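The chain contents come next:
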Amino acid sequence: MTMLVGDCRTVMPDQGPFDMIFGDPPYGDTSLGWDRRVEGWLELARNALAQSGSVWVFGSLRSFLGAADEIRLAGLRYAQEIVWEKQNGSAFHADRFKRVHELAVQFYRSDAPWSGIYNVVQTTSDATARTVRRKAGPPHTGHIERGHYVSQDGGPRLMRSVIYARNCHGRAIHPTEKPVGLIEILLRTSCPPNGLVGDWFAGSGAVGEAARATGRRYVGCEIDAAMAARAEARIAATLPFTSASPAPDPLPGAAS
Ligand SMILES: C[S@@+](CC[C@H](N)C(=O)[O-])C[C@H]1O[C@@H](n2cnc3c(N)ncnc32)[C@H](O)[C@@H]1O
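Residues numbered from 1 in each chain as written. Predicted model: local features only at pLDDT ≥ 70, side-chain atom pairs only at ≥ 80, totals over all residues. Heavy atoms only, no water.

Student: Can you lay out helix α6 (residues 206-214) for me, pointing to particular residues and giving the numbers?
Tutor: The set of residues buried in α6 consists of Ala 206, Val 207, Gly 208, Ala 210, Ala 211 and Thr 214. Each element contacted by the buried residues of α6 is listed here: β2 (18-23), α5 (180-190), β11 (196-199), β12 (217-222) and α7 (225-236). Looking one or two residues past α6, Gly 215 carries a phi angle of roughly 80°, positive in sign. (Buried < 20%, exposed > 50% of the residue type's maximum accessible area, 1.4 Å probe, protein only. Helix = DSSP H or I, 4+ residues; strand = E, 2+ residues; numbered from the N terminus. Contact = heavy atoms within 4.5 Å.)

Okay, here's the thing in structure tokens:
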């Protein structure tokens, strides 16, 4: 577990190859002084990926639209996205919806086939058996038979892409801190056990805590030295993964 201080564009490329990269940069959506887009990191991250690696980038749709050219020129291909739904959010504009979600989008190297990318399908066991009765009488179209069928016989089923996780409001050490439970899902999906995670915009070190708890190796980078020190202390205080570690908590989003 290593926390580096500096600009990720300078510090991180030499630390790879990474099995998985987390990129949670400032989104550049507001006029706040710290919320400035970081140019050029995507290509460096892509080049620091292992051949089977992928990068998960947090952002808003607006930030991804603004970065579309950069993503393509960096040699990255879209894989999928999840929506993180949180219990509270931000009302940037009084005349628009209150925003209670953020996106995380997965990209992989455009010179690598998706079939070669490390990917563990996440499932939940919350499917419930459901009996559906067919209407009697002549069907409107086709040949629907009378009677009933059972639509599901219980889990597992594919995890849903909209994942509810409470944000760290009230106990966060960073203003845009991401929930560890959410990060753990992405880690289990895209980084092999004992694989190397690169956290290019580490902030509070939430990714480091998740990596330590799930048995992944971690290199984080944060430009703010004081925040990096707090993140480092937080990660050091996390119980490391062992074969005797308790099973993970029920996944956020498991209940529908
Ligand atoms: C959105 S926050 C990350 C929050 C983090 N994922 C968490 O859960 O706590 C972005 C962080 O990137 C840092 N940062 C901004 N530009 C950077 C750069 N060029 N290199 C490294 N860190 C940078 C900021 O100081 C800020 O802490």
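Student: Which residues make up the packing of α6 against α7, and what values do they have?
Tutor: For the pair α6 and α7, the least separation of the axes is 9 Å and the interaxial angle reads 20°. Here α7 runs roughly parallel to α6, going by the angle between their axes. Crossing of α6 over α7 shows right-handed handedness. Residues Ala 206, Gly 208, Glu 209 and Arg 212 of α6 lie in contact with α7, whose contacting residues are Arg 234, Ile 235 and Ala 236. (Axes fitted to C-alpha atoms, helices over the stretch in contact; angles between N-to-C directions. Parallel < 35°, antiparallel > 145°, perpendicular 65-115°, else oblique. Left-handed = near helix turned anticlockwise from the far one by under 90°.)

Student: Go over the packing of α5 against α6, please, and point to the residues and values.
Tutor: Packing of α5 against α6 leaves a shortest axis separation of 9 Å and a crossing angle of 60°. The pairing of α5 with α6 is recorded here as oblique in orientation. Here α5 and α6 pass one another in a crossing that is right-handed. In this structure, α5 uses Val 180, Ile 183, Glu 184, Leu 187 and Arg 188 to contact α6, whose residues at the interface are Ala 206, Val 207, Glu 209, Ala 210, Ala 211, Ala 213 and Thr 214. Each residue belonging to the contact of α5 with α6 can be placed in one class, and the counts come to eight nonpolar, one polar and three charged. (Nonpolar A, V, L, I, M, F, W, Y, C, P; charged D, E, K, R; others polar.)

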